[in-house]
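A closer look at the structure
Chain by chain, the residues run as shown.
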Amino acid sequence: MDAHDGVRRRLRAAVREVPAARERVRAGLWPVLQQTGAATVAWLIARHLVQHHEPLFAPVAAVVALNASRGERGANAVRLLLGVVIGILMAELWLTVLGNHGYGALSVATFMAMLLALLLGGERIVVAQAAVSAILAVATSKAEAGPERLTDALIGAGVALLTSQIVFPAEPIALLRRAEVTTLRALAEALDLAALALRHRDRALSDQEVLDRLRTAREELVDLDKTRSRSIRTAGRSLIWRKRGAPALRESVSAGQLVLLGGSCLTLTRTAMTAHTGATRPKPATADAVRDLSRAVGELGLVLGDLGTRRSAVGIALGVLRALTEPGSGHDTYSNAVRVAVRTVAIDIMVFAGVDKDKVAEAERATEEQVQGLDEHVPAPVRTVLSGLSRFRRRHPRPGR
């Protein structure tokens, strides 16, 4: 029976993994196709234009250079090339000094190549390529090994740069928008967990369940913050997207507000866990408010680039925020800690959607008539090129459609 239970558990775990595996393949298929194409082109150039008999490193260099996050692939190609140059130079230097291809020259050249790579910035790919290039240059007996590897590196890195900067450049706004959407969905799941804890006070949520949801949300927030920097660098370096620098900066500011929203969502989730086990427990109205906030965040994660969706999220958050100030919404409805956390999330949702902070503060104190039309103050979101193409296709359908 125990063996059968173990098999069933493994089968259930495998079934649960299928959607995640499918999503990984879907997200990674296009980059893999680009790397495959770049490797093929690099091999053809090295084999037929430069006439290498065994141009192995050119396609390898192209794949390694493109094996980075979108927005970092061009810089990765330059780092790879830098590492190769450092390794070959150190190998040639110490071969000349020591005059042999033994373990002594290999050790010294490898150490000095890695040390110089660290002094020049210390990126992992630079250090690794410097070490590998030094080892290969010392270990092989071919005098032309170093120059051949440098030629292959130039070809592979050049093809990678062409692929990442000219043929398939990462659009900085779309790059950031994808990270925002992923983060919003993770935050909505965390708020769902908070609402569940507040509504079903007698149901004990496992610590592992809570940790998994919170860890996922935190990881997405960290990745979002890194993507903010990458998107600005991409807009500044790319010849094609340089003119999109101002919209990219605006989207980066919005993403910064999302980071703050993420922090308040995680605080609310942890506070809900405490309220679930404490002596003063909120009533179901609190769970309804948190569920509404989760719905607003989830809707933004579905169609972040839609103005109507942003206005809808503002309306939901405003309703929750104003309910906190209504008569009878004091300690008999909300514990003080949860009340503060709910208010912070509602405000952060409105600000992230585009409402000015001063207008949010005014709306919190205003009468019902005075807050009418607040959603009209939500500015239109920054458009990506893909969203612009979609609008064009809807307005100008192909004949026969």
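In short, a report on the structure. (Residues numbered from 1 in each chain as written. Predicted model: local features only at pLDDT ≥ 70, side-chain atom pairs only at ≥ 80, totals over all residues. Heavy atoms only, no water.)

1. With respect to the overall build of the chain
- When its secondary structure is counted, the chain shows 14 helices and zero strands.
- Put simply, the chain runs from its N terminus to its C terminus through helices and strands in the order α-α-α-α-α-α-α-α-α-α-α-α-α-α.
- Long-range contacts, defined here as pairs at least 24 residues apart, represent 77% of the contacts in the chain between residues at least 6 apart.
- Working note: accessible area of the chain is about 21,500 Å², and carbon and sulfur atoms make up 59% of it. (Helix = DSSP H or I, 4+ residues; strand = E, 2+ residues; numbered from the N terminus. Contact = heavy atoms within 4.5 Å. Areas by Shrake-Rupley, 256 points an atom, 1.4 Å probe, with all protein chains shown as cover.)

2. Considering helix 2 (residues 57–66)
- Burial within helix 2 is extensive, with seven of its ten residues counted as buried.
- Those residues of helix 2 not exposed but buried are F57, A58, P59, A61, A62, A65 and L66. (Buried < 20%, exposed > 50% of the residue type's maximum accessible area, 1.4 Å probe, protein only.)

3. Some remarks on the nonpolar core
- Counting 57 residues, the largest nonpolar core has L184, L261, L268, L293, V342 and I349 as its most contacted members.
- Among the secondary structure elements, those contributing two or more residues to this core are helix 7 (172–199), helix 8 (207–237), helix 9 (245–277), helix 10 (284–302), helix 11 (307–325), helix 12 (336–353) and helix 13 (357–365).
- Aside from chain neighbours lying at most four places away, what touches I349 is L261, L293, A296, V297, L300, A313 and A317.
- If you look at the next biggest cluster of nonpolar residues, it comprises 33 residues, including A42, A61, V138 and A160. (Core = buried A, V, L, I, M, F, W, Y, C linked by side-chain atoms within 4.5 Å.)

4. Focus on the pattern of salt bridges
- Enumeration according to the criterion identifies eight salt bridges in this entry.
- Put simply, E72 and R79 hold a salt bridge, and the shortest N to O gap is 3.5 Å.
- When the shortest N-O distance is used, the salt bridge between R295 and D292 registers 3.7 Å. Taken together, the residues R295 and D292, both in helix 10 and three residues apart, mark about one turn of the helix.
- We classify D292 as partly exposed; its relative accessible area is 26%.
- Here the salt bridges do not stand alone but share partners, grouping E72, R79 and E123 into one network. (Salt bridge = Lys/Arg side-chain N within 4 Å of Asp/Glu carboxyl O.)

5. Some details on the packing of aromatic side chains
- For the structure shown, the criterion picks out one aromatic pair.
- With centroids separated by 4.9 Å and ring planes inclined at 85 degrees, the aromatic side chains of W30 and F168 adopt a geometry described as edge-to-face. Taken together, the residues W30 in helix 1 (residues 2–49) and F168 in the loop between helix 6 (145–167) and helix 7 connect sequence positions 138 residues apart.
- It is R149 that lies over the ring of F57; its NZ or CZ is 3.7 Å from the centre. (Phe/Tyr/Trp six-rings, centres within 6.5 Å; stacked < 30°, edge-to-face > 60°. Lys NZ or Arg CZ within 6 Å of the ring centre and 35° of its normal.)

6. Some remarks on the side chain of T227
- Note that T227 resides in helix 8.
- Every residue in contact with T227, bar those within four places of it in the chain, is listed here: L175, L176 and A179.

7. Here's the deal with the packing of helix 3 (residues 73–98) against helix 5 (residues 124–139)
- Where helix 3 meets helix 5, the axes come as close as 7 Å, and the angle between the chain directions of the two elements is 35 degrees. When the axes of helix 3 and helix 5 are compared, the crossing they make is right-handed. Contact with helix 3, carried on its side by N76, R79, L80, L82, G83, V84, I86, G87, I88, A91 and L95, involves I125, V126, Q129, A130, S133, A134, A137 and V138 of helix 5 and no other residues of that element.
- Among the residues making up the contact of helix 3 with helix 5, the classes are represented as 13 nonpolar, five polar and one charged. (Axes fitted to C-alpha atoms, helices over the stretch in contact; angles between N-to-C directions. Left-handed = near helix turned anticlockwise from the far one by under 90°. Nonpolar A, V, L, I, M, F, W, Y, C, P; charged D, E, K, R; others polar.)

8. Some thoughts on a nonpolar patch on the surface
- Taken together, the side chains of L82, F111, L115, L118, L119 and L120 present a nonpolar region at the surface, about 600 Å² in accessible area.
- Ranked by the residues each element gives to the nonpolar patch, the list is headed by helix 4 (residues 103–119), at four residues.
- Looking at the element boundaries, F111 is found in helix 4. (Patch = residues over 30% accessible without salt bridge, like charges linked within 9 Å, V, L, I, M, F, W, Y side chains within 5 Å.)

9. Points about helix 4
- For helix 4, which comprises 17 residues, the first-to-last C-alpha distance of 24 Å matches the rise-based estimate of 24 Å (1.5 Å per residue) to within 8%.
- Along helix 4, the residues classified as buried are A105, A109, T110, A113 and A117. End-on view of helix 4: buried residues confined to an arc of 125 degrees, all on one side of the axis. Opposite the packed face of helix 4, turned more than 90 degrees from it, sit the exposed residues Y103, F111, L118 and L119.
- On its buried face, helix 4 is in contact with helix 3 and helix 5. (Expected span 1.5 Å × (residues − 1). Arc of directions from axis to C-beta.)

10. Description of the side chain of S133
- With respect to the element layout, S133 can be found in helix 5.
- In this structure the side chain of S133 is engaged in a polar contact, spanning 2.8 Å, whose partner is the backbone oxygen of Q129.
- What S133 contacts, discounting residues up to four positions off in sequence, is G83, V84, G87, I88 and R149. (Polar contact = N/O pair within 3.5 Å; in protein donor to acceptor, adjacent residues only side chain to side chain.)

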